[in-house]
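# Reading the structure
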Amino acid sequence: MSLDAHAQALWQRLTQAGVVSGDAPDIGDDTPWYLAALIGVSAWIAALFFFGFFLTLFDDLYRAPALAFPIGAACCTVAWLLLRVARGRDFIEQFAIATSLVGQLLIGMAFVEWSKPHGAGGAADALRSGPDWHLVWLGVGAVAALMYALGRPSMHRFLCGVIVAVALLALCLVDDDTTKHFAIPLLAWAMFAAWWRSAGHDRLAIAMPPLAWAMGLVLLVSTWFVARAYGAGAGRIDAPRDLQLIADVLVVPLLPLCAYWLASRQAALDARGRVFALAFAAGFALLLWRAPGVSIGVTIALIGFALHRPALLAVGLLGTAAYLFDYYYHLQLTLLEKSGWLAAAGVAVLAVRWAHLRFARKEAV
């Protein structure tokens, strides 16, 4: 079958960057989808048995970093070699992806044990103190980033990107005082940077979409749970007022910047239209600054629209609807106040629609 729209766009970007030349090739794949799914499942089962073999062979492997780390590094190396030769071999590719995750899990176990204090207090002191989670998540994120760069298949990069995003989030959340309130803004800006970088025309841009997808999905899910646990956004629980304000304000510029980026990619809009889009997005973000999840959902939808990614647009719209529902029915503010803010946002959207139609008619005349 011929390349789909995304593959065609990728080939065009490679041609513009001078990496390839000529017409896009046709990719033939006669494997039925159900057979490919069975092959993938069998590969993951084989990898799980492979992991179980190590657990059976080495007793208390998760408590022996001197064994877990080299075995994990060997698994990651084997996975990298298999991914280089897979190229259309579904079983080998899926087995390599699962092996990569097993290797990263073993390396993470080693980091946990190495970060525990082993002083004069003995095992009881180490158990009571626990590992240094900053070092653990920093090491896990670094290994996942390395495997992301080495393993090129999109599924492998997406899973490694999820680990990187979770590690970045966890590095902020392990601190009980300050940084936990900035976890969502940091991840949101990292996601925007990854999508913005993916719009380039070089090899690095081609490698960014799986990481951007992973950060976007982790961001949508974590915003919901972090709001409940740490007070970032709707449903705050005992968070200092100044940290609440700073964290929410850091999310506000994200939507206007994304709107301006979208407007700048539209050749039909002049400088006045771009400024208008920027001003409207800023007003919308300020109207709902108490619910940063809404701004994040709209931002993801705009990115999907700007980059012609219908799936990302749908994810952003679903996230926006979910956070609007949560914001409206949460009892921190009265329903009358929320109704007023939402009505004002709706009036602003209708005003923009009216202005856009009027502008379009003038251009047509």
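Residues numbered from 1 in each chain as written. Predicted model: local features only at pLDDT ≥ 70, side-chain atom pairs only at ≥ 80, totals over all residues. Heavy atoms only, no water.

### Describing the overall build of the protein
Heads up, the rule is: In this text, helices come from DSSP runs of H or I with a minimum length of four residues, and strands from runs of E with a minimum of two, each type numbered from the N-terminal end. When accessible area is computed with a 1.4 Å probe and restricted to protein chains, residues below 20% of their type maximum are described as buried, those above 50% as exposed, and intermediate ones as partly exposed. Here, residues are in contact when the closest pair of their heavy atoms is within 4.5 Å. Only the protein chains shown count as cover for residues, with accessible areas throughout obtained via the Shrake-Rupley method and a probe of 1.4 Å.
The secondary structure content of the protein amounts to 16 helices and zero strands. In the protein, buried positions account for 41% of the 365 residues. Residue pairs in contact within the protein that sit at least 24 positions apart in sequence constitute 67% of those at least 6 positions apart. Only carbon and sulfur atoms are counted for the fraction: they give 69% of the accessible area of the protein, which is about 19900 Å².

### Describing the confidence of the model for the protein
What counts is decided by this rule: A residue's pLDDT is the predictor's confidence in that residue, given on a scale from 0 to 100.
Residues at a pLDDT of 70 or more form 76% of the protein, whose mean pLDDT is 77. The element-level mean pLDDT for the protein is lowest in helix α5 (residues 122-129), coming to 49, with helix α6 (residues 133-150) highest at 93. Within the model, pLDDT remains below 50 along residues 120-128, and this stretch shows one contact once partners closer than five positions in the same chain are excluded. Confidence drops under a pLDDT of 50 for residues 231-239, and excluding neighbours within four residues, the segment shows 28 contacts in the predicted structure.

### A word on the packing of aromatic side chains
Condition: Working definition: rings of Phe, Tyr and Trp (its six-membered ring) pair if their centres are within 6.5 Å, and the pair is stacked with planes under 30 degrees apart, edge-to-face with planes over 60 apart, and tilted otherwise. Look at NZ for Lys and CZ for Arg. If either is within 6 Å of the ring centre and within 35 degrees of the ring normal, a charge sits over the ring.
Counting across every chain of the model gives seven aromatic pairs. Ring centres 6.1 Å apart and planes at 85 degrees place the aromatic pair W189 and F192 in the edge-to-face group. With W189 and F192 both in helix α8 (residues 183-198), this residue pair falls three residues apart, about one helical turn. In this structure an aromatic cluster arises from ring pairing among F69, F111 and W114. Its guanidinium or amino end placed over the ring of Y148, R157 lies 5.4 Å from that ring's centre, counting from NZ or CZ.

### Comments concerning the state of the cysteines
Going by this rule: Put simply, a disulfide is two cysteine sulfurs that come within 2.5 Å.
For the structure on display, the rule yields zero disulfides. Between C75, a free cysteine, and C76, which holds the nearest cysteine sulfur, the sulfur-to-sulfur gap is 6.9 Å. Not engaged in a disulfide, the cysteine C160 finds its nearest cysteine sulfur in C76; these two sulfurs lie 8.3 Å apart. On the basis of relative accessible area, C160 is assigned to the buried category, the value being 0%.

### Comments concerning a nonpolar patch on the surface
Just so we agree on the cut-off: Think of a patch as exposed residues, more than 30% relative accessible area, with no salt bridge, where like charges cluster within 9 Å and nonpolar side chains (Val, Leu, Ile, Met, Phe, Trp, Tyr) cluster within 5 Å. Salt bridge criterion: a side-chain nitrogen from Lys or Arg within 4 Å of a carboxyl oxygen from Asp or Glu.
On the surface, V41, I45 and F49 cluster together into a nonpolar patch covering about 320 Å² of accessible area. Inspection of the secondary structure assignment puts I45 in helix α2 (residues 33-57). Judged by relative accessible area, which is 42%, I45 ranks as partly exposed.

### A word on the pattern of salt bridges
One pass over the full model with this rule turns up one salt bridge. Of the charged contacts in the structure, one is a salt bridge between K116 and E113, with a shortest N-O distance of 3.2 Å. Judged by relative accessible area, K116 falls into the partly exposed class, the value being 21%. Look at E113 and you get buried, because its relative accessible area is 12%.

### Considerations on the environment of A96
The topology assignment puts A96 in helix α4 (residues 90-114). In this structure, the C-alpha to C-alpha distance between A96 and C75, residues 21 residues apart in sequence, is 8.8 Å. Those residues in contact with A96 that lie beyond four places of it in its chain are A79, L82 and L83.

### Looking at α6
The line we're drawing: By definition here, a helix of n residues has an expected span of 1.5 Å times n minus one.
Taking 1.5 Å of rise per residue, 18 residues should cover 26 Å, and α6 covers 26 Å from first to last C-alpha, within 8% of that figure. Restricting attention to buried positions, one finds in α6 the residues V136, G139, V140, G141, V143, A144, M147 and Y148.

### Looking at unusual backbone geometry
In this structure, H308 takes a positive phi of about 60 degrees despite not being glycine. By the element assignment, H308 lies in the loop between α14 (292-306) and α15 (310-329).

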